[in-house]
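Analysis of the macromolecular model
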Amino acid sequence: MFEPNRTPVVVRATDPILHNGVCMTLRSRDDVWLVDGETADPGMVALLVTDRLDEAMTQLLSALHHQGFTRIVLIAGEVDDNEILNAIEHGVCAVARRSEAGADVLVRLIKAAAAGEGALPPDLLGRLLHRVSRLQRQVLQPRGLHLGGMSSRETEVLKLVASGFSTQEIADQLCYSQRTVKSILHDVTNRFQLRNRSHAVAYALREGLI
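Residues numbered from 1 in each chain as written. Predicted model: local features only at pLDDT ≥ 70, side-chain atom pairs only at ≥ 80, totals over all residues. Heavy atoms only, no water.

**Digging into the overall build of the chain**
A count of helices and strands for the chain gives 9 helices and 5 strands. From first element to last, N terminus to C terminus, the chain shows the α and β order β-α-β-β-α-β-α-β-α-α-α-α-α-α. For the chain, with 210 residues in total, the buried portion stands at 38%. Carbon and sulfur atoms make up 50% of the accessible area of the chain, which amounts to about 11900 Å² in all. (Helix = DSSP H or I, 4+ residues; strand = E, 2+ residues; numbered from the N terminus. Buried < 20%, exposed > 50% of the residue type's maximum accessible area, 1.4 Å probe, protein only. Areas by Shrake-Rupley, 256 points an atom, 1.4 Å probe, with all protein chains shown as cover.)

Below, the structure is given as structure tokens:
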């Protein structure tokens, strides 16, 4: 049974020396609880330590991802932009370089991950945001798309649905046929696995698309 004021965390590493070093650091803290790997639950935080995001670490990340872990903290000696993107795809939500990962930083990242938050080194975050901006500007906008995967006309239709307009009224305002409006709504609900048009509006609002 875990104490409510201590955050349970399971530690994984590609090297036993790295593993033991991090475990010794965390055992000195009374705000985290080290959990044996065999008794770990996917709802807990997983802390991964490595020198590089090599094949061994990628396999470890994949295994944790398939087990259902979504709160993964990565501590790495060296990281580059592409490796971070790959790590995020496998469930990593917080990253720090080993040279910067003292006890306070480790605990802060563990608690952030447990709360569903994310954290990246400022320089990496800046470069990733630049890449996202470039993707929006150079790839998506010329095709009438947004980062959320909806086209301009799909967001227009959903905005009118959110305002309470009927299918006929939406068709009249946008100079579409009713069939086109229904087709747009059908495409959106299918693509994002939504139940109906109300669910589609709720999803678009939550994601900031409309």
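This is not the end of the story, as more comes after the structure.
**Remarks on the pairing of strand S1 (residues 7-13)**
Pairing between S1 and strand S2 (residues 32-34): 3 bridges, direction parallel. What sits directly across from Val9, in S2, is Leu34. Handedness of the crossover joining S1 and S2 through helix H1 (residues 16-27) is recorded here as right-handed. Pairing geometry for S1 and strand S3 (residues 45-50), over 5 bridges, is parallel. (Pairing = 2+ DSSP bridges. Right-handed = clockwise from strand over helix to strand, strands pointing away.)

**Here we look at unusual backbone geometry**
Residues other than glycine seldom take positive phi values, yet Cys175 does so here, at roughly 60 degrees. Within the secondary structure, Cys175 is located in the loop between helix H7 (167-174) and helix H8 (178-191). In the Ramachandran plot, Gln193 falls in the positive-phi region, its phi being about 55 degrees despite a non-glycine side chain. Note on placement: Gln193 falls in the loop between H8 and helix H9 (197-206).

**Description of the packing of helix H6 (residues 152-162) against H8**
The N-to-C vectors of H6 and H8 enclose an angle of 100 degrees; their axes lie 10 Å apart at closest approach. Classified by the angle between their axes, H6 and H8 sit roughly perpendicular to one another. For the pair formed by H6 and H8, the contact residues are Arg153, Glu154, Val157, Leu158 and Val161 on the first element and Thr180, Val181, Ile184, Leu185, Asp187, Val188 and Arg191 on the second. (Axes fitted to C-alpha atoms, helices over the stretch in contact; angles between N-to-C directions. Parallel < 35°, antiparallel > 145°, perpendicular 65-115°, else oblique. Contact = heavy atoms within 4.5 Å.)

**Points about H8**
In this model H8 runs 20 Å from its N-terminal to its C-terminal C-alpha over 14 residues, within 8% of the 20 Å that 1.5 Å per residue would give. Within H8 the residues assigned to the buried category are Val181, Ile184, Leu185, Val188 and Thr189. Angularly, the buried residues of H8 cover 125 degrees about the axis, an arc narrow enough to put them on a single face. Facing away from the buried side of H8 by over 90 degrees, the exposed positions are Arg179 and Asn190. Buried residues belonging to H8 abut H6, H7 and H9. (Expected span 1.5 Å × (residues − 1). Arc of directions from axis to C-beta.)

**So, the nonpolar core**
Residues Leu26, Leu47, Val73, Ile75 and Leu109 are the most contacted members of the largest nonpolar core, which totals 22 residues. Of all elements in the fold, only S1, H1, S3, strand S4 (72-76), strand S5 (92-97) and helix H4 (103-114) reach the threshold of two or more residues within this core. In terms of residue count, H4 provides more of this core than any other element does, 6 residues in total. Ignoring any residue separated from it by four or fewer positions in sequence, one finds Val73 in contact with Val45, Ala46, Leu47, Leu48, Ala94, Leu109, Ile110 and Ala113. (Core = buried A, V, L, I, M, F, W, Y, C linked by side-chain atoms within 4.5 Å.)

**A word on the sheet that holds S5**
Backbone-to-backbone hydrogen bonds pair the strands of a sheet. The strands run either parallel or antiparallel. Sheet architecture is open: 5 strands sit in the order S2-S1-S3-S4-S5, paired in parallel fashion. Pairing within the sheet leaves two strands with one partner each, and these edge strands are S2 and S5. Direction aside, neighbouring strands of the sheet carry axes that sit 30 degrees apart on average. The pairing of S4 with S5 spans 5 bridges and is parallel. Following the sheet pairing, Ile72 is matched in S5 by Val92. The strands touched by H1 are S1, S2 and S3; relative to S1, the strand with the most contacts, the crossing angle is about 160 degrees.

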